[in-house]
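# A closer look at the structure
So the chains spell out like this:
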Amino acid sequence: MNLRVARLKTRGVAMAIAWINPAFLAVGPDRLEVALSHADLTGHGAALLAELDRMPQRMPTQVATLAELLRDAKRRAASAVPGR
């Protein structure tokens, strides 16, 4: 999927959420202060970014990605014996 298609899909999802919740705001990663202001968290950007930096250290080492889960599911399906 190219970047343009990914952006269009992201905008579509954001628009659908906004229909359900008109207070929803989607912003790009370069607009962190806008997002924090919208969530009444102005001035907390540095603390948020510091916490995000610390998160991987506290995460379990065996966290599977969606790609890994799909690969494993396909492998199991391919090795399944028909008729069982």
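Residues numbered from 1 in each chain as written. Predicted model: local features only at pLDDT ≥ 70, side-chain atom pairs only at ≥ 80, totals over all residues. Heavy atoms only, no water.

Quick look at helix α1 (residues 3–20) now. Residues that lie three or four places apart on an α-helix share one face, since the helix turns once every 3.6 residues. With 18 residues, α1 extends 26 Å from end C-alpha to end C-alpha; this agrees with the ideal 26 Å at 1.5 Å per step. At the N-terminal boundary of α1, the capping side chain belongs to N2, with an oxygen 3.1 Å from the backbone nitrogen of R4. (Helix = DSSP H or I, 4+ residues; strand = E, 2+ residues; numbered from the N terminus. Expected span 1.5 Å × (residues − 1). Polar contact = N/O pair within 3.5 Å; in protein donor to acceptor, adjacent residues only side chain to side chain.)

Below, the discussion takes up the environment of R31. Relative to the elements of secondary structure, R31 occurs in the loop between α1 and α2 (32–38). On the basis of relative accessible area, R31 is assigned to the partly exposed category, the value being 42%. For the pair R31 and K9, spaced 22 residues apart in sequence, the C-alpha to C-alpha distance is 19 Å. (Buried < 20%, exposed > 50% of the residue type's maximum accessible area, 1.4 Å probe, protein only.)

Quick look at a nonpolar patch on the surface now. A cluster of nonpolar residues, L48, L49, L52, M55, M59 and V63, forms a patch on the protein surface that exposes about 500 Å² of accessible area. If you trace the backbone, V63 turns up in the loop between α3 (45–58) and α4 (66–79). (Patch = residues over 30% accessible without salt bridge, like charges linked within 9 Å, V, L, I, M, F, W, Y side chains within 5 Å. Areas by Shrake-Rupley, 256 points an atom, 1.4 Å probe, with all protein chains shown as cover. Salt bridge = Lys/Arg side-chain N within 4 Å of Asp/Glu carboxyl O.)

Bringing the confidence of the model for the protein into the picture now. For any part of a model where pLDDT is low, the fine detail of the predicted coordinates should not be relied upon. In the predicted model, the protein carries a mean pLDDT of 86, and the fraction of residues at 70 or more is 94%. For the protein, α4 is the element with the lowest average pLDDT, namely 84, and α2 is the one with the highest, namely 93. (pLDDT = per-residue confidence, 0-100.)

On to unusual backbone geometry. Keep in mind that most residues, glycine aside, have a negative phi and that most peptide bonds are trans. With a phi close to 55 degrees, D40 is a non-glycine residue in the positive phi region. Here D40 is to be found in the loop between α2 and α3.

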